[in-house]
Amino acid sequence: PNNGLGVNWTAVTGTWNPLTNKARESAGVANSITRISGVTTYSAGRMTCNVTLAAPLDCGIMFRGSDASNFWVLRGTVEALVNYLDLVKVEAGVATIMARYRAPGFVAGETHNLEVVCRDTEINGWYDGYNLLRVFNSFNQSAVWWGLYANANTAARFDDTVVYK
């Protein structure tokens, strides 16, 4: 797909557009999602994206989504001044952190590679080439949406987004 958010992308919530050939959510909408459209028909696979983090972090890659209220996200976030990498399940609009890694390397303005690998009920979250998170969960196991996620974060940037079967 076009990683500048040209063809093959569909904004689900928020206003997504390219800025200097990097994707961004420009309206500051909470739980904003854009998804790859017309390209993926599979729920198992691998997605990788270079994410330039911006305060307040809370941005990452969305996968196994079926609608704006049911999806998974691998995200960088900050809580009580501590930076984390989270695997989050959003079911019926309720977000639940399923796995968490304290990630002191998450600094606003830096770019990091986030990757998720899904096989059956197993989900692995990768950060800069390291497999740091793993969960086993069947929620939305057959959902086929893959995309980008930003929670009211207009300064985050997404580049080199690739989904593999």
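Preceding this section is the structure that the text describes.
Before going into details, it helps to say that this report is about the structure given with it.

Reading the values: the criteria
Residues numbered from 1 in each chain as written. Predicted model: local features only at pLDDT ≥ 70, side-chain atom pairs only at ≥ 80, totals over all residues. Heavy atoms only, no water. Helix = DSSP H or I, 4+ residues; strand = E, 2+ residues; numbered from the N terminus. Contact = heavy atoms within 4.5 Å. Buried < 20%, exposed > 50% of the residue type's maximum accessible area, 1.4 Å probe, protein only. Pairing = 2+ DSSP bridges. Core = buried A, V, L, I, M, F, W, Y, C linked by side-chain atoms within 4.5 Å. Salt bridge = Lys/Arg side-chain N within 4 Å of Asp/Glu carboxyl O. Polar contact = N/O pair within 3.5 Å; in protein donor to acceptor, adjacent residues only side chain to side chain.

## Comments concerning the overall build of the chain
Consideration 1: Across its full length, the chain carries zero helices and 14 strands.
Consideration 2: For the chain, the α and β elements follow one another from N to C terminus as β-β-β-β-β-β-β-β-β-β-β-β-β-β.
Consideration 3: Look at the contacts in the chain between residues 6 or more apart in sequence, and 60% of them connect residues 24 or more apart.

## Observations concerning unusual backbone geometry
Consideration 1: Despite not being glycine, L81 shows a phi value in the positive range, around 65 degrees.
Consideration 2: L81 sits in the exposed class, given a relative accessible area of 83%.
Consideration 3: If you check the backbone angles, N140 has positive phi at about 55 degrees while not being a glycine.
Consideration 4: One can find N140 in the loop between β12 (130-136) and β13 (145-150).

## Focus on the pairing of strand β11 (residues 122-127)
Consideration 1: Bridging between strand β10 (residues 111-119) and β11 involves six bridges; their strand directions are antiparallel. Residue pairing in the sheet places V117 in a bridge with N124 of β11.
Consideration 2: The hairpin turn running from β10 into β11, its antiparallel successor, is two residues long, and D120 in that turn takes a positive phi close to 55 degrees.
Consideration 3: Of the pairings in the sheet, the one linking β11 to β12 comprises six bridges and is antiparallel in character. Across the sheet, residue G125 finds its bridge partner in β12, namely L133.
Consideration 4: Where β11 folds back on β12, the antiparallel hairpin that results is connected by two residues, among which D128 adopts a positive phi of roughly 50 degrees.

## A word on the nonpolar core
Consideration 1: Residues F63 and F158 are the most contacted members of the largest nonpolar core, which totals 32 residues.
Consideration 2: The dominant element in this core, judged by the number of residues it contributes, is strand β6 (residues 57-67), at four residues.
Consideration 3: I33, M62, V73 and V88 belong to the second-largest nonpolar core, a separate cluster that totals eight residues.

## Some remarks on the pattern of salt bridges
Consideration 1: Following the criterion strictly, the structure yields seven salt bridges and no others.
Consideration 2: The partner of E79 in a salt bridge is R100, with the nearest N and O atoms 3.3 Å apart. Of the two residues, E79 is situated in strand β7 (residues 70-79) and R100 in strand β9 (residues 94-102); the sequence distance between them amounts to 21 residues.
Consideration 3: A salt bridge links R134 to E122; the nearest nitrogen and oxygen atoms lie 3.1 Å apart. One end of the pair, R134, is in strand β12; the other, E122, is in strand β11, with twelve residues separating them in the sequence.

## Some thoughts on the side chain of H112
Consideration 1: Following the sequence through the fold, H112 ends up in strand β10.
Consideration 2: H112 gets classed as buried once you look at its relative accessible area, which sits at 9%.
Consideration 3: Reaching out from H112, the side chain makes a polar contact with the side chain of E110 at a distance of 3.2 Å.
Consideration 4: Residues contacting H112, with those up to four places away along its chain left out, are C49, N50, V51, L53, G105, F106, Y127 and D128.

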